[in-house]
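One-letter residues, chain by chain:
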Amino acid sequence: MTGKAEGSLLYLDDVSVSFDGFRAINRLSLVLEPGEMRAIIGPNGAGKTTMMDIITGKTRPDTGDVLFDGSVDLTRLDEAAIANLGIGRKFQKPTVFESHSVEDNIALALKGRRGAFAALFHRRSAAEQGRIDVLLATIRLSDKRDLLAARLSHGQKQWLEIGMLLAQEPRLLLVDEPAAGMTDAETAETAILLKEIAKTQSVVVVEHDMTFVRALGVKVTVLHEGSVLAEGSLDAVSVNPKVIEVYLGR
Amino acid sequence: MITSFLIDSLDRRGRVVVALLVALALLVPAGNLLVPEGSAFHVSTYQLTLCGKYLTYALLALSVDLVWGYCGILSLGHGAFFALGGYAMGMYLMRQIGSRGVYADPVLPDFMVFLNWKELPWFWQGFDMAWYAFLMVALVPGVLAFLFGWLSFRSRVTGVYLSIITQALTYALLLAFFRNDMGFGGNNGLTDFKDILGFPIQEPGTRAALFSASALMLALGFVIASAVVRSKLGKVLVAIRDAESRTRFIGYRVEHYKLFVWTLSAGMAGVAGALYVPQVGIINPSEFDPAASIEAVIWVAVGGRGTLVGPLIGAVAVNFGKTWFTGVLPEVWLYALGALFVVVTLFLPRGIVGLWETVVSGRSKPAKEPDEAGEKAGEAA
Ligand SMILES: Nc1ncnc2c1ncn2[C@@H]1O[C@H](COP(=O)(O)OP(=O)(O)OP(=O)(O)O)[C@@H](O)[C@H]1O
Ligand SMILES: [Mg+2]
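Remember, it's a predicted structure, so these values are computed and weren't measured experimentally.

Parameters at a glance
- Residues numbered from 1 in each chain as written.
- Chains lettered and ligands numbered in written order.
- Predicted model: local features only at pLDDT ≥ 70, side-chain atom pairs only at ≥ 80, totals over all residues.
- Heavy atoms only, no water.
- Near = heavy atom within 4 Å.
- Polar contact = N/O pair within 3.5 Å; in protein donor to acceptor, adjacent residues only side chain to side chain.
- Helix = DSSP H or I, 4+ residues; strand = E, 2+ residues; numbered from the N terminus.
- Nonpolar A, V, L, I, M, F, W, Y, C, P; charged D, E, K, R; others polar.
- Axes fitted to C-alpha atoms, helices over the stretch in contact; angles between N-to-C directions.
- Parallel < 35°, antiparallel > 145°, perpendicular 65-115°, else oblique.
- Contact = heavy atoms within 4.5 Å.
- Buried < 20%, exposed > 50% of the residue type's maximum accessible area, 1.4 Å probe, protein only.
- Phe/Tyr/Trp six-rings, centres within 6.5 Å; stacked < 30°, edge-to-face > 60°.
- Lys NZ or Arg CZ within 6 Å of the ring centre and 35° of its normal.
- Donors = N, O, S within 2.8 Å, 3.2 Å for Na, K, Ca; no water.
- Salt bridge = Lys/Arg side-chain N within 4 Å of Asp/Glu carboxyl O.
- Buried area = accessible area lost by both parts, 1.4 Å probe.

Quick notes on the site of ligand 1
All names here are of chain A. Around ligand 1 there are 14 residues in total, and Asn44, Lys48, Thr49, Thr50 and Gln92 lie nearest to it. A distance of 2.8 Å is found between an oxygen atom of ligand 1 and a side-chain nitrogen or oxygen belonging to Lys48. For ligand 1, an oxygen atom lies 2.5 Å from a polar atom in the side chain of Thr50. Those elements that provide at least two residues to the shell around ligand 1 are β2 (22-32) and α2 (48-55). Of all the elements, α2 adds the most residues to the shell around ligand 1, at three residues. When its residues are assigned to classes, the shell around ligand 1 shows five nonpolar, seven polar and two charged.

In C-alpha cells:
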C-alpha cells in the first residue's frame, strides 16, 4: 500500500463514505504529484466537497487509504494536525472571520506557532508584518486592511480567503469553487493568481466555470456519483461521451 | 515581561475603568470611615457592604463574559465556580473561629461537633492557613473547570448541549452540598464568622478593607481580561466564537484555547465568590442554584456581551434594580428581570454599552458616513 503511494503528494485509494446509507464517495482513487495543479469538475452532488472534507479531516472515510507525502495517514489525524502538516483549504462558501479586520484575518492565518500560550504572548514581528503587507497587496485588499471582514463584498471575501490560505504557506492547497460569485474580470484574475501559486505549491481546484478551468490549463478529473468518471486534459475529457452525458452536455 | 504585557493591554477606556476602580477603592472607605455621619459624602456601612457585594458580582459577570462574549461558550453554571471559591473562603473563616464556637472545640467547626465527628476531614486540612485557603479559592474552581472543560471540549460538545451540562454541573453540586455528610455544613452552610486575617469581620475597618479588596481585585481581573482579549489568543477566541471549524482548518487546536479561557474564567469567578462571602457573612448551597448562574448571564447580556465594561455595568445596574425592587415590590422582581432579558435580547443585542456606542458614534462621527457610502457605491460599481 505505501509502496504505491511513494513519490506522490496526495494519494487516495478506494475511498468510500456513506451518509445514512447514501454513498457520497464511492471507491474513489486519485493521485496528485508534488507540484501538480489539478482541476476537479463534476455535477452538483458529485462529491467534490466531500472529497476535500475527507482530505482535511472533517469527514472520516468508511474505507480506503488517504495518504499525504506518500506515507502520512490522514484518516488518523484531526483538522488542526492536518492543517499544520501543510494542507490548506478554501471553502465553497467563503468563510472569513467577520468580526475581525481584514488584516487580522491574514495575521491569524499566518504560518507560525499555533499553541495557546504562544498566542497569548505573541508580538507581531517586523517580518510578519512585512509578510502580511505583501499578502494584502497580492489579494488587492491593502486599502481595506482595517475594514471588518463582514463588510467585504462576496468576491473580496473569496480573495481574502485565498489570502488566508497563502498566509498558511501550505504545501497543498484545496480550493473549492474560488470563482463563484465573481465577475468575469475577477475570475480571470483569480486564474492568474492560482497559476502563480501553482509554481511553488500543489493545488487542487474545484470549479464549475469552464472558462476558468480552461484558463488554468491543467489536468482535469471528472467526478460523478462519488467516483472518477474520466481524467485527462480538458479537451480530452470534453469529448468523452460519458462526461458529456452526465455533465457538460446539459 | 508580565507587567508590561498587562499594562500595554489597556486601551483608553480600560485605563478609565481601572482608574475609577482604584479611586472607588480609596474614596468609598474614606467616605465611610473619615467623613462624619451627618455629611452628604458619608457612606454608611450598609451602603459600603452592598456596593462591595456588587463589585464581586461584577467580577463574576466579567468571568462569564470572557467565555461567553469572547469565545461563544454560554455557561449557565458559573455560579458553581463562584460558590466553590466562596466555600473555600468560608472554610478558612470557619477555622479562624477556633475555640470561640458554641461547642468551643479548638479545631472542629460547630456543625462537625454537632454531627459527632471526631476529627477534621482531609479536605479541611490546611484551611487554617490563609495562603493555602486563598490559593484554593482560585485553584478548586480552576481544577474542576479544567477537568470539566477537558472532557467536554475534547468531545466537541458545544452550544445548547454545553449550556445544559453546565446547568447540570451546578445542580449536582447544589444537591451534593445540601448533604450533611459532605462536610460543608449542609443546608445551613458556613456562617457565624469571627475574624479574617486576625481582624474582626464586623468591624467597620475590616468591612472597608474588604470593599477595597473587591474593587482592586475587580481592577486586576479587568486588566487580565483585557490583556487576554487583546492578545493574539483573544483574537483566536473570537475567531472560534464566529467560525469554530474554520479556526481548526487553519491549524488552531480549538479545545486548548477554550480550555485556557474556561479555566481562567472559573478561577476568576472563584475569587469573586471568595470576596463575596466575608461581606455577606454566609455561604450556603443556595449559591449553587442554577437560577443564580442564569442571572449572571443576564447581567452580561444587559451590560453588553463581548465588551469588557459591559458586564461590570450590567452586574451593578441589574443588582441595584434588584435591591430596589425587592425593597418595594419583592414579588415583581423575577418578572421584571425576565422582561428585561427579553427586551435586551430583542432590542439591544449589544446591551447598554452597545446602545451607548451607537449614540456616541451617531453624534460625533458624521464625517464617517459619506466615506462608508462611497465604499458601498464602489462595491456596487
Ligand atoms: N455531512 C453530510 N451529511 C449528509 N449528506 C452529505 C453530507 N455531506 C455531503 N452530503 C451529500 O453528499 C453528496 C455530495 O456532496 P458534495 O457537497 O460533496 O457535492 P459537490 O460535488 O461538492 O457538489 P456542488 O457542486 O454542489 O458543491 C450530496 O448529495 C450531499 O447531499
Ligand atoms: Mg461542493
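Quick look at the packing of helix α2 (residues 12-33) of chain B against helix α8 (residues 204-230) of chain B
All names here are of chain B. Two numbers describe how α2 lies on α8: the axes approach to 9 Å, and their chain directions differ by 180 degrees. As far as their axial angle goes, α8 and α2 are roughly antiparallel. Within the contact between the two elements, α2 uses Gly14, Val17, Val18, Leu21, Val22, Leu24, Ala25, Val28, Pro29, Asn32 and Leu33 and α8 uses Pro204, Gly205, Ala208, Phe211, Ser212, Ala215, Leu216, Leu218, Ala219, Phe222 and Val223. Each residue belonging to the contact of α2 with α8 can be placed in one class, and the counts come to 18 nonpolar, four polar and no charged.

Side note on unusual backbone geometry
Although it is not a glycine, A:Glu225 sits at a positive phi angle of roughly 50 degrees. Inspection of the secondary structure puts A:Glu225 in the loop between β9 (219-224) and β10 (227-232). Phi at B:Asn116 is positive, roughly 70 degrees, even though this residue is not glycine. As for its placement among the helices and strands, B:Asn116 is situated in the loop between α5 (110-114) and α6 (130-154). Since its relative accessible area comes to 56%, B:Asn116 is described here as exposed.

Examining the packing of aromatic side chains
For the structure on display, the rule yields 24 aromatic pairs over all chains. With a centroid separation of 5.9 Å and 45 degrees between ring planes, the pair formed by B:Phe325 and B:Trp333 is classed as tilted. Per residue, the accessibility class of B:Phe325 equals that of B:Trp333, and both read buried. Aromatic rings pair up to connect B:Tyr87, B:Trp122, B:Phe123, B:Phe177, B:Phe184 and B:Phe288 into one cluster. One Lys or Arg, A:Arg114, reaches over the ring of B:Tyr252 and ends 4.5 Å from the middle of that ring.

Considering the coordination of the magnesium ion (ligand 2)
Residues and elements named next belong to chain A. Every protein donor of the magnesium ion (ligand 2) is accounted for by Thr49 (OG1) and Gln92 (OE1), and the metal-donor separations fall at 1.9 to 2.1 Å. Taken as a pair, Thr49 in helix α2 and Gln92 in the loop between β6 (87-90) and α4 (102-109) lie far apart in primary sequence, 43 residues in all. According to the relative accessible area criterion, Gln92 is partly exposed, its value standing at 37%.

Description of the pattern of salt bridges
All names here are of chain B. Applying the stated criterion across every chain, the model contains 34 salt bridges over all chains. Note that Arg13 and Glu357 form a salt bridge whose closest N and O atoms lie 2.6 Å from each other. You can see Arg13 sitting in helix α2 and its partner Glu357 sitting in helix α15 (residues 351-364), a full 344 residues away along the chain. Where Arg248 meets Glu255, a salt bridge forms, and the shortest distance between an N and an O atom there is 3.1 Å. Under the relative-accessibility criterion, Glu255 is labelled buried at 14%.

A word on the interface of chain A and chain B
At the junction of the two partners, chain A supplies 35 residues and chain B supplies 31 residues. Summed over both partners, the interface of chain A with chain B comes to about 3100 Å²; 60% of that surface belongs to carbon and sulfur atoms. At the boundary of chain A and chain B, one finds four salt bridges. The salt bridge partner of B:Arg246 is A:Glu161, with a shortest N-O separation of 3.2 Å. Here chain A is connected to chain B by 15 residue pairs in polar contact (both at pLDDT 80 or more). Only α3 (79-85), α4, α5 (116-120) and α7 (154-167) of chain A provide two or more residues apiece to the side of chain A that touches chain B. A per-element tally of the side of chain A that touches chain B places α3(A) first, with five residues.

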